[in-house]
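The primary structure of each chain is shown beneath.
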Amino acid sequence: HTAPEDIEQYAYDDRFHGFKLDPVRDGIPDDEVLAELDDVGLPVLVRGTEATPPETIAEELLGYSFPVILAHFGGHPLNRDAMSRAIDLLDEYDEYYLDTSYVRYRDQLERALLEYPGRILFGSGGPETHPNVAVIEILTLDVSEDKLHRVFDTNPSRVIDALAPEHG
């Protein structure tokens, strides 16, 4: 784990554009670290697994104001039930997003994009999987071009400042 001072050090002057948490490996950060993450307001990408299902992530992290992006729809590896529960939680939290990396099921991807088009961010899963595979999985969904544009561009740009056009 890191300390609040580390968060403060790396969060300013465009040194980092967000943070990544791996609760299985490192546990959930303590209250002081979470409070500092809240103060800096940068997005936090969280790895969801069997040991840290979407409900645990919601309980521990979604009470803060920083954006939380749940990787793999919270269902890696290929846990459809966890993915569905992660999608359901989008109703309850405004600063909660899902990334599409390793989501191999069309029904979950389409449902999320149809029901929550502003809350889904493209994730490739690279380098473990070729990014083109993830792109094709999204492009072949039965959703409008607007929703495709959102998942690839609009949503990531809105959540991660460094991806916004004025930073590019």
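First, a word on what this report is: a plain description of the structure on this page. (Residues numbered from 1 in each chain as written. Predicted model: local features only at pLDDT ≥ 70, side-chain atom pairs only at ≥ 80, totals over all residues. Heavy atoms only, no water.)

### Considering the nonpolar core
Here's step 1: One finds Leu37, Phe73, Tyr96, Leu98 and Ile120 to be the most contacted residues of the largest nonpolar core, which totals 38 residues.
Here's step 2: Ile69, Tyr97, Leu121 and Val159 belong to the second-largest nonpolar core, a separate cluster that totals five residues. (Core = buried A, V, L, I, M, F, W, Y, C linked by side-chain atoms within 4.5 Å. Buried < 20%, exposed > 50% of the residue type's maximum accessible area, 1.4 Å probe, protein only.)

### Let's talk about the sheet that holds strand β5 (residues 120-121)
Paired through their backbone hydrogen bonds, the strands of a sheet run either parallel or antiparallel.
Here's step 1: Taken in spatial order, the five strands of this open sheet run β1-β2-β3-β4-β5, and their pairing is parallel. Whereas interior strands pair on both sides, the edge strands pair on one side only; in this sheet they are β1 (19-21) and β5.
Here's step 2: Sheet strands touched by helix α4 (residues 54-61): β1, β2 (44-47) and β3 (68-71). Its angle to β3, the strand with the most contacts, is close to 160°. (Pairing = 2+ DSSP bridges. Helix = DSSP H or I, 4+ residues; strand = E, 2+ residues; numbered from the N terminus. Contact = heavy atoms within 4.5 Å. Axes fitted to C-alpha atoms, helices over the stretch in contact; angles between N-to-C directions.)

### Some thoughts on the packing of helix α7 (residues 131-139) against helix α8 (residues 145-159)
Here's step 1: Between α7 and α8, whose axes approach to 10 Å, the crossing angle comes to 150°. By the angle between their directions, the pair α7 and α8 is classed as roughly antiparallel. Two secondary-structure elements touch here, α7 through Val135, Ile138 and Leu139 and α8 through Leu148, Val151 and Phe152. (Parallel < 35°, antiparallel > 145°, perpendicular 65-115°, else oblique.)

### Overview of the environment of tyrosine 102
Here's step 1: If you trace the backbone, tyrosine 102 turns up in the loop between β4 (96-99) and α6 (106-115).
Here's step 2: Look at tyrosine 102 and you get buried, because its relative accessible area is 16%.
Here's step 3: The sequence separation of tyrosine 102 and tyrosine 10 amounts to 92 residues, and the corresponding C-alpha distance is 28 Å.
Here's step 4: If sequence neighbours within four positions are ignored, tyrosine 102 has contacts with His72, His76, Leu78, Met83, Gly125, Glu128 and Thr129.
Here's step 5: One polar contact links the side chain of tyrosine 102 to the main-chain carbonyl oxygen of glycine 125, over a distance of 3.0 Å. (Polar contact = N/O pair within 3.5 Å; in protein donor to acceptor, adjacent residues only side chain to side chain.)

### Considering the pairing of β3
Here's step 1: Burial of β3 is two-sided: the residues Val68 and Leu70 facing one way and the residues Ile69 and Ala71 facing the other way are all buried.
Here's step 2: Once you follow β2 into α4 and on to β3, the crossover reads as right-handed.
Here's step 3: With three bridges connecting them, β3 and β4 associate as parallel partners. Following the sheet pairing, valine 68 is matched in β4 by tyrosine 96.
Here's step 4: Regarding topology, helix α5 (residues 80-89) serves as the crossover connection from β3 to the parallel β4, and that connection is right-handed. (Right-handed = clockwise from strand over helix to strand, strands pointing away.)

### What about the pattern of salt bridges?
Here's step 1: Evaluation of the coordinates by the stated rule reveals 10 salt bridges.
Here's step 2: Among the salt bridges present, the one from arginine 85 reaches glutamate 55, with a minimum N-O distance of 2.5 Å. In this pair, arginine 85 is assigned in helix α5 and glutamate 55 in helix α4, connecting sequence segments 30 residues apart.
Here's step 3: For glutamate 55, a relative accessible area of 34% translates into the label partly exposed.
Here's step 4: Residue arginine 111 is joined to aspartate 88 by a salt bridge in which the shortest nitrogen-to-oxygen separation is 2.4 Å. Placement of the pair is arginine 111 in helix α6 and aspartate 88 in helix α5, with a sequence separation of 23 residues.
Here's step 5: The exposure class of arginine 111 is partly exposed, given its relative accessible area of 22%.
Here's step 6: Each of Glu55, Asp81 and Arg85 takes part in one network of salt bridges that share partners. (Salt bridge = Lys/Arg side-chain N within 4 Å of Asp/Glu carboxyl O.)

That is the geometry; function is a separate question.
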